[in-house]
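Fold and contact review
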Amino acid sequence: MSNTPSDSPTDSGTSTGTDTDTNAGTARNRNVLNTDAMQWLSALVALVGLWLVASPFLLESTDAAIWNDTLVGTAIFLLAGYNFYRLTRDRLANVSLASLTVLLGVWIAISPAVIEMGSSELATSTTLSGIVVAALSAYSAYANNNADAPERARTRA
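Residues numbered from 1 in each chain as written. Predicted model: local features only at pLDDT ≥ 70, side-chain atom pairs only at ≥ 80, totals over all residues. Heavy atoms only, no water.

**Things to note about the overall build of the protein chain**
Tallying secondary structure elements over the protein chain gives 5 helices and 2 strands in all. Beginning at the N terminus, the succession of helices and strands in the protein chain can be written as α-β-α-α-α-α-β. Looking at the protein chain as a whole, 35% of its 157 residues qualify as buried. Put simply, 75% of the contacts in the protein chain that link residues at least 6 apart link residues at least 24 apart. (Helix = DSSP H or I, 4+ residues; strand = E, 2+ residues; numbered from the N terminus. Buried < 20%, exposed > 50% of the residue type's maximum accessible area, 1.4 Å probe, protein only. Contact = heavy atoms within 4.5 Å.)

Written out as structure tokens, the structure reads:
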């Protein structure tokens, strides 16, 4: 009789532990994306796009630099803004658009070597902006591609 009571708690503990371990293992295996954090990332990329639009008008620049930075900066702003919008709606960011933003960031980073910028300040600003856009967008594309489902912070109502 003493074996029966000792077997019961062990069996109960084992089944409960197994269920808990299974649920914890499933939770650990899921790659859940926090859309709040990714919103900030998309917003930062969009702001860098706005800086690209404004910088040729604030710093000495050539006509080619104005067109390049304005067109590419606008595209970056719109693409990152769209992904920001998607993330505010508890959806994953569009990986294709984030990848296109990476390519635009790479172009804007190397464009001072191809296009006369008019000043070293604009060339430096454009290159650094391109590096930031490419890096952050690459991370966004990677994270959203590998995510299973969005998860919002529980602090919001």
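Now that the structure has been shown, the text picks up again.
**Looking at the nonpolar core**
Among the nonpolar cores identified, the biggest contains 17 residues, and Met-38, Val-45, Val-72, Ile-76, Leu-104 and Val-133 are the most heavily contacted of them. Going through the elements one at a time, helix H2 (35–58), helix H3 (63–88), helix H4 (95–114) and helix H5 (120–146) are the ones with two or more residues in this core. Counting residues per element, this core draws most heavily on H2, which supplies 6 residues. Residues Ala-65, Ile-115, Leu-122 and Ala-123 belong to the second largest nonpolar core, which totals 5 residues. (Core = buried A, V, L, I, M, F, W, Y, C linked by side-chain atoms within 4.5 Å.)

**Topic: a nonpolar patch on the surface**
Residues Leu-47, Leu-50, Phe-77 and Leu-78 make up a contiguous nonpolar surface patch of roughly 370 Å² in combined accessible area. Of all the elements in the fold, those that place two or more residues in the nonpolar patch are H2 and H3. Classification of Phe-77 as partly exposed rests on a relative accessible area of 32%. (Patch = residues over 30% accessible without salt bridge, like charges linked within 9 Å, V, L, I, M, F, W, Y side chains within 5 Å. Areas by Shrake-Rupley, 256 points an atom, 1.4 Å probe, with all protein chains shown as cover. Salt bridge = Lys/Arg side-chain N within 4 Å of Asp/Glu carboxyl O.)

**Regarding the environment of Val-106**
Take Val-106: it is sitting in helix H4. Taking C-alpha positions, Val-106 is 9.5 Å from Val-132, a pair spaced 26 residues apart along the chain.

**Some points on the side chain of Thr-101**
Position of Thr-101 among the secondary structure elements: in helix H4. For Thr-101, a relative accessible area of 2% gives the class buried. Not counting residues up to four positions away in its chain, the partners in contact with Thr-101 are Val-45, Ile-76, Leu-79, Val-133 and Ser-137.

**Here we look at the side chain of Asn-144**
For Asn-144, the position within the fold is in helix H5. Look at Asn-144 and you get buried, because its relative accessible area is 3%. Here Ser-140 takes part through its backbone oxygen, which lies 2.8 Å from a polar atom of the side chain of Asn-144. (Polar contact = N/O pair within 3.5 Å; in protein donor to acceptor, adjacent residues only side chain to side chain.)

**Quick word on the confidence of the model for the protein chain**
In this model, the protein chain carries an average pLDDT of 80, and 71% of its residues clear a pLDDT of 70 or more. At the level of individual helices and strands, the protein chain shows its lowest average pLDDT in helix H1 (residues 3–29), which scores 48, and its highest in H4, which scores 94. For the stretch residues 8–27, pLDDT sits under 50, and the model shows 0 contacts to residues farther than four places along the chain or on other chains. In this model residues 153–157 is a low-confidence stretch, pLDDT under 50, and it forms 4 contacts with partners more than four residues away in sequence or in other chains. (pLDDT = per-residue confidence, 0-100.)

**Some details on the packing of H3 against H5**
Remark: H3 packs on H5, axes separated minimally by 12 Å, with the N-to-C direction vectors making an angle of 25°. What the angle tells us is that H3 and H5 run roughly parallel. For the crossing formed where H3 meets H5, the hand is left-handed. Counted together, Ala-65, Asp-69, Ile-76 and Leu-87 of H3 and Leu-122, Thr-126, Val-133 and Asn-144 of H5 form the full contact between these two elements. Split by residue class, the contact of H3 with H5 holds 5 nonpolar, 2 polar and 1 charged. (Axes fitted to C-alpha atoms, helices over the stretch in contact; angles between N-to-C directions. Parallel < 35°, antiparallel > 145°, perpendicular 65-115°, else oblique. Left-handed = near helix turned anticlockwise from the far one by under 90°. Nonpolar A, V, L, I, M, F, W, Y, C, P; charged D, E, K, R; others polar.)

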